[in-house]
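The residues making up each chain are set out below.
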Amino acid sequence: MSARLASVTSATAAIRLEHLKFAWRGGARLLDIDELVIARGERVFLQGASGSGKSTLLGLLGGVLLPQDGRVVVLDSDLTALRGAPRDRFRADHIGFVFQQFNLLPFLSVRENVLLPLRFSARRRHAVLQRGEANAEADRLLRALDLDPVHHGHKVVASLSVGQQQRVAAARALIGDPELLVADEPTSALDADARGAFLHLLFGECRRAHTTVVFVSHDRSLAPMFDRSLRLADINRSLCTGSN
Amino acid sequence: MRALPLALKSLRNRLGTALLTAFTIALSVALVLGVQRIRTEARESFASTVSGTDLIVGARSSPVGLLLYAVFHLGDATNNVSWQSYQEVAAWPDVAWSVPISLGDSHRGFRVMGTTADFFAHYRYGARHPLEFSAGKAFDDVYDAVLGAEVARKLGYALGNEIVLTHGTGRIGTAEHKDKPFRIVGILARTGTPIDATVAVSLAGIEAIHVDWQSGTQIPGHTVSADAARRMDLTPKTITAFLLGLKSRIATFGVQRAIDDYDTEPLTAILPGVALQQLWSLVGLAENALTLISSLVVLVGLAGMITALTTTLGERRREMAILRALGAHPRLVFGLLVLEAGLLTAVGVCGGLLLMYAALAFAQGFVMDAFGLALSLAPPSMLEAALLGAVLLAGLLAGAIPALLAYRRALSDGLSLRI
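Since the structure is predicted, the reported quantities are computational estimates derived from the model, not experimental observations.

A. Focus on the overall build of chain B. Each helix and strand in chain B was counted, giving 13 helices and 17 strands. A buried classification covers 41% of the 419 residues belonging to chain B. Excluding contacts between residues fewer than 6 apart, the proportion of contacts in chain B whose partners are at least 24 apart in sequence is 79%.

Written out as structure tokens, the structure is:
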């Protein structure tokens, strides 16, 4: 699978990390990645133990954190060269996030949560409106993720099960067809059966929109479902996480 | 603006704690405004105990002492003014009107004031309010009495009831003028001044009950019946003090000097406003204490708000991180919190106003009864409005502290939602 790496040119790369170095303020260097390239449309599984810097790496990909050194190029934009507000706009326009838990805003309904990214991104709003009405698209995504919008759409988020909440979060990450989906341990709160079902539904929707997926987890058993599997310990040269 | 609906929905989700926070602010706002109002009201009601009277004249004494016994009916005069001197001064060309006052008797703890019917015509209090009768009319007969509102209420008197005056103002070992009871012919409306706690009778009435008295006791064997007394000359020989109204206020100082230099008898004339100010500066310590308390209350209220906002910050970290992941700028996170603080403070300020008016309306009667303070339900004064504005501003600033924390955290937290 790693043979694909060489075939990815800059034009077809969704993500390109170059000589990336990152340390939290006052801490030792956490990440030191010489090169990582992920192709567009590729679904990559990134495995690492907790504390190994997985979430930090996702923060760098999302432009929420900035490296001390090196470049983070996402969809041909160098995030390290963008100022704060354009970086936030870039994230809103092009990246969908799914987290382990606490994904949804508890004070919004299921449908309002799904529609939330459209508040922050004109690009994704237009993408949705080109195909029809925003509510209809939210309902379509919920249905695609096996949630009945008529039954669940108006519900308070807290009344859903954890598995249902994760699917709402996935629908929110995917609305407006962002090019990149970043998932941080989204299945760790689910049981084994629900995990498989969740990934199956998620990938079905990503394939349709040709979405690049970067999926981070400590759970190696999920790796076979992806195009490519990486160990953070293998690409991170930083000493403090070398044992992983 | 997209922050407002989010802030509102987020607040609605935490309605319980949000309302508690707003309630804390409302309580301190109500307390501050209430204290402020009582303070100004106390000062004003005190300063306007007498208005429209240009000079108060009594035997030579300190201005504050004269004010205390002549107006507040506290303590006793050391000397009286002779009727003759009063007549002379009252006839001066600059004098428009004069009202004699004779003190020294009491009725069940309330002072009795002998005066003339002119008192009801000329006495003014507050913003030059004349005295009004809630029932009946001014005294006419020798044995008529007019009650202050407080006297009538506390003792449960009505028109037509008969009362007996007590010699002297003490409570123990006093003798009663049992043989000459007075009939209640009028009850005054409440004024919030010492008049409320006063029984007013005619000078002739005071004279009549004392015709057969000497040195504080009735002369044995020389009792004069009430009817017999009517036929005697009831012109007083002395009075305690008198109020003067002048034709022109410009003459005030001239008349005052003339009275102070009066040869026949040592007299003192005071300007009530000036003496009231002097007296207030004596009791001003209480006012300073109130000011101190009200500023402490503001501080405590704001500290409570900062605490409440900072406490919710922890539980809202996930909310902020989610918004950040969706592409919200840290400024939005900052704005949300400041907006929330602003909304809570605004609700608190409005609630505090309502609370204060409710409390005032509720306590009005009690405060009037217990302290003689007329708490008004007037709309906020300029000072109060400024105070409310300051609270609102302080609320926004107080919200800015946790908001700044959230802003910096939003910048440095990354997207990790581990709490």
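B. Focus on the interface of chain B and chain A. Across the boundary between the two partners, chain B contributes 18 residues, which contact 26 residues of chain A. Sorting the residues of the side of chain B that touches chain A by element identifies helix H1 (3–13) and helix H11 (317–325) of chain B as the ones contributing at least two each. Of the residues forming the side of chain B that touches chain A, the biggest block, 5 residues, is contributed by H11(B). Here the residues of the side of chain B that touches chain A sort into 6 nonpolar, 6 polar and 6 charged.

C. View of the sheet that holds strand S2 (residues 29–39) of chain A. All names here are of chain A. Strand order in the open sheet formed by 4 strands is S2-S1-S4-S5, with antiparallel pairing between adjacent strands. Looking at which strands have only one partner, the edges of the open sheet turn out to be S2 and strand S5 (77–78). One ladder, built from 2 bridges, connects strand S4 (residues 69–74) with S5; its direction is antiparallel. From the neighbouring strand, Val 73 faces S5, where its bridge partner is Asp 78. Most of the contacts of helix H2 (residues 54–61) go to strand S1 (residues 13–23), to which it runs at about 120°, and overall it touches S1, S2 and S4.

D. Main features of the packing of helix H4 (residues 110–120) of chain A against helix H8 (residues 162–174) of chain A. Residue and element names in this part refer to chain A. Closest axis-to-axis distance for the H4/H8 pair is 7 Å, and the angle between their directions is 30°. Classified by the interaxial angle, the pair formed by H4 and H8 is roughly parallel. In this structure, H4 meets H8 at a crossing whose hand is right-handed. Counting all contacts with H4, which are made through Val 110, Asn 113, Val 114, Leu 116 and Pro 117, the residues of H8 involved are Val 168, Ala 171 and Arg 172. Grouping the amino acids of the contact of H4 with H8 by side-chain chemistry returns 6 nonpolar, 1 polar and 1 charged.

E. Representation of the sheet that holds strand S3 (residues 43–47) of chain A. All names here are of chain A. Pairing in this open sheet of 5 strands is parallel, and the strands run S6-S7-S8-S3-S9 from one edge to the other. Only two strands of the sheet have a single partner each, and these edge strands are strand S6 (95–98) and strand S9 (228–231). Here the average twist between neighbouring strands, direction ignored, is 15°. Strand direction decides the pairing type here: S3 and S9, joined by 4 bridges, are parallel. Pairing of Val 44 across the sheet is with Arg 228, part of S9. Packed on one face of the sheet, H2 meets S3, strand S7 (180–184) and strand S8 (212–217) and runs near 155° to S7.

F. Structural view of the nonpolar core. By size, the foremost hydrophobic cluster in this structure holds 107 residues, and its most contacted members are Leu61(A), Val114(A), Ala171(A), Ile175(A), Val182(A), Val214(A) and Val333(B). In terms of residues, this core owes the most to one element, helix H12 (residues 330–371) of chain B, which gives 12 residues. When near neighbours in sequence (up to four residues on either side) are disregarded, Val114(A) contacts Ala138(A), Leu141(A), Leu142(A), Val168(A), Ala171(A), Arg172(A) and Ile175(A). Counting 63 residues, the second largest nonpolar core, distinct from the first, contains Leu66(B), Tyr86(B), Leu188(B) and Ile209(B).

G. Inspection of the pairing of S7(A) at higher detail. Residue and element names in this part refer to chain A. Across the 5 residues of S7, 5 count as buried, placing the element largely inside the fold. Side chains of S7 alternate between two faces, with Leu 180, Val 182 and Asp 184 and Leu 181 and Ala 183 buried alike. Bridging between S6 and S7 involves 4 bridges; their strand directions are parallel. Paired with Val 98 across the strands is Ala 183, a residue of S7. Sheet analysis places S7 next to S8, joined by 5 bridges and oriented parallel. Residue pairing in the sheet places Val 182 in a bridge with Val 214 of S8. Between S7 and its parallel partner S8, the chain crosses via helix H9 (residues 192–209), and the hand of that crossover is right-handed.

H. Quick peek at the confidence of the model for chain A. Mean pLDDT over chain A works out to 85, with 93% of the residues at or above the 70 mark. Within the model, the stretch residues 1–6 of chain A combines pLDDT values under 50 with 6 contacts to residues more than four positions away or in other chains.

I. Representation of the packing of H4(A) against helix H6 (residues 134–144) of chain A in the model. Residue and element names in this part refer to chain A. The contact between H4 and H6 brings their axes to 10 Å, and the two run at 115°. For the pair H4 and H6, the crossing hand works out as right-handed. Residues Arg 111, Val 114, Leu 115 and Leu 118 of H4 pack against Ala 134, Asn 135, Ala 138, Leu 141 and Leu 142 of H6. For the contact of H4 with H6, the per-class residue count stands at 7 nonpolar, 1 polar and 1 charged.

J. Representation of unusual backbone geometry in the model. Residue and element names in this part refer to chain A. Although it is not a glycine, His 19 sits at a positive phi angle of roughly 50°. Within the element layout of this structure, His 19 appears in strand S1. Even without a glycine there, the phi angle at Asp 76 is positive, about 70°. As for its position among the elements, Asp 76 is in the loop between S4 and S5.

K. Region of the structure containing the environment of Val32(B). Residue and element names in this part refer to chain B. Relative to the assigned elements, Val 32 resides in helix H2 (residues 15–47). Owing to 24 C-beta atoms within 10 Å, Val 32 belongs among the buried residues under this scheme. In this structure the C-alpha to C-alpha distance between Val 32 and Thr 291, which are 259 residues apart in sequence, comes to 9.2 Å. Apart from the residues lying within four places of it in its own chain, the contact partners of Val 32 are Ser 294, Val 297, Val 298 and Leu 387.

L. The arrangement of the pairing of strand S8 (residues 144–147) of chain B in detail. Residue and element names in this part refer to chain B. Along S8, one buried face is formed by Asp 144 and Val 146 and the opposite face, lined by Ala 145 and Leu 147, is buried too. Across 4 bridges, S8 lies against strand S11 (residues 182–188) in parallel orientation. Considered in S11, the bridge of Asp 144 is made with Arg 183. Pairing between S8 and strand S12 (residues 198–202): 3 bridges, direction antiparallel. Looking at S12, one finds that Ala 145 is bridged to Val 201.

Rules and cut-offs
Residues numbered from 1 in each chain as written. Chains lettered and ligands numbered in written order. Predicted model: local features only at pLDDT ≥ 70, side-chain atom pairs only at ≥ 80, totals over all residues. Helix = DSSP H or I, 4+ residues; strand = E, 2+ residues; numbered from the N terminus. Buried ≥ 20, exposed ≤ 12 C-beta atoms within 10 Å, placed from the backbone. Contact = placed C-beta atoms within 7 Å. Nonpolar A, V, L, I, M, F, W, Y, C, P; charged D, E, K, R; others polar. Pairing = 2+ DSSP bridges. Axes fitted to C-alpha atoms, helices over the stretch in contact; angles between N-to-C directions. Parallel < 35°, antiparallel > 145°, perpendicular 65-115°, else oblique. Left-handed = near helix turned anticlockwise from the far one by under 90°. Core = buried A, V, L, I, M, F, W, Y, C linked by C-beta atoms within 7 Å. Right-handed = clockwise from strand over helix to strand, strands pointing away. pLDDT = per-residue confidence, 0-100.

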